[in-house]
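Fold and contact review
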Amino acid sequence: MDSLGYVFGFIGAALMVASYMMKNMLPLRMVALSANVFLVVYAVQGGSWPTVALYLAMIPINVKKVVQIKKLIRAIENAKADTPVSEWLLPHMTRRQAKAGQTLWNKGDKATEMLYVESGRLNMVEYDESLGAGSLLGEIGLFAPDNRRTRTVVCETDCTLYGLSADAMAQLYYQNPKLGFHVMRMIVARLMHDTDLAHQ
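This write-up is about the structure you can find in this document. The residue numbers shown here count from 1 along each chain, following its written sequence. Given that the model is predicted, a residue must reach a pLDDT of at least 70 before its local features are reported, and side-chain atom pairs must reach 80 or more before they are shown or counted; all residues, however, enter totals for whole chains, interfaces and linings. No hydrogens and no water enter the side-chain calculation; it runs on all heavy atoms of the structure.

What to know about helix α1 (residues 3–20)
For α1, built from 18 residues, the straight-helix expectation of 26 Å at 1.5 Å per residue is met to within 8% by its first-to-last C-alpha distance of 26 Å. Working definition: with a 1.4 Å probe on protein chains only, accessible area under 20% of the residue-type maximum means buried, over 50% means exposed, and in between means partly exposed. Secondary structure elements follow DSSP: runs of H or I of four or more residues count as helices, runs of E of two or more count as strands, with numbering from the N terminus. Of all the positions in α1, only Gly5, Gly9, Gly12, Met16 and Ser19 are classed as buried. All buried residues of α1 fall inside an arc of 90 degrees around its axis, so they share one side. Opposite its buried face, α1 presents the exposed residues Ser3 and Phe10, each directed more than 90 degrees away. Expected span, for any helix, means 1.5 Å times one less than how many residues it has. This arc is built from the directions going out from the helix axis to the C-beta atoms.

A word on helix α2 (residues 25–46)
Taking 1.5 Å of rise per residue, the 22 residues of α2 would be expected to cover 32 Å, and the 31 Å separating its terminal C-alpha atoms lies within 8% of that figure. Listing the buried residues of α2 in full gives Met25, Leu26, Leu28, Val31, Ala32, Ala35, Asn36, Leu39, Val40 and Ala43. Looking one or two residues beyond α2, the residue adopting positive phi is glycine 47, at roughly 70 degrees.

As for the pattern of salt bridges
Here, a salt bridge means any Lys or Arg side-chain nitrogen found within 4 Å of an Asp or Glu carboxyl oxygen. Taken as a whole and judged by the stated rule, the model has three salt bridges. The partner of glutamate 113 in a salt bridge is arginine 96, with the nearest N and O atoms 2.7 Å apart. In this pair, glutamate 113 sits in strand β3 (residues 113–119) while arginine 96 sits in strand β1 (residues 94–98), placing the two residues 17 residues apart along the sequence. Classification of glutamate 113 by relative accessible area gives buried; the value is 17%. When its relative accessible area of 30% is taken as the criterion, arginine 96 is described as partly exposed. The partner of glutamate 156 in a salt bridge is arginine 121, and the shortest N-O contact between them spans 3.9 Å. You can see glutamate 156 sitting in the loop between β7 (153–155) and β8 (159–165) and its partner arginine 121 sitting in the loop between β3 and β4 (122–124), a full 35 residues away along the chain. Judged by relative accessible area, which is 36%, arginine 121 ranks as partly exposed.

Comments concerning the sheet that holds β4
Two strands make a pair as long as DSSP finds a minimum of two bridges between them. The sheet built from four strands is open, its strands ordered β2-β7-β4-β5 with antiparallel pairing. Every interior strand has two partners, whereas the edge strands, β2 (103–105) and β5 (129–131), have only one. When the angles between neighbouring strand axes are averaged without regard to direction, this sheet yields 30 degrees. Of the pairings in the sheet, the one linking β2 to β7 comprises two bridges and is antiparallel in character. Its bridge partner being in β7, threonine 103 is matched across the sheet by valine 154. Lines fitted to C-alpha atoms define the axes here, with helix axes fitted over just the stretch in contact, and angles between the N-to-C directions of these axes take values from 0 to 180 degrees.

Worth remembering: the numbers are spatial, not functional.
Dropping the structure here:
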């Protein structure tokens, strides 16, 4: 291996270490992507093909993450006060089906996800309140101090739902802390709504 190969190797290693020390997700991913490129060149020069394969595989992964983060940042920055949070959370959520009569969670259960209703109807048992398509729920439990559900939710009909786990929400928050403002606004609106129901 010539000296240029070692230069690429040291630069790649330095960038990789730097990426592990960064907290902002977009610069972290971009630095990691740059490190992958330098390390691929280094590994090719040294004829280390398993290492080449490893860092080549990391390049599309980091490119995908950079694109996702940039989309989220644009969505949040363009969001207006009345923009539904679901519009920019939905691409990061996982789709699934639920059957009529199925209990999604009981009051007091540990909260592990928030849900978006694409189709069908849910019932909040304690208030006998129905939630239809376009509803977002479960966010309070994710941010409550004890991470416990405050209501029991049952499917009134067959439903198509999108879920976002607590871990995924945390990752999105680290990708863009502005997410916290929009989620806070959503939680306050839900609490005010629940307070109104409790006094009816």
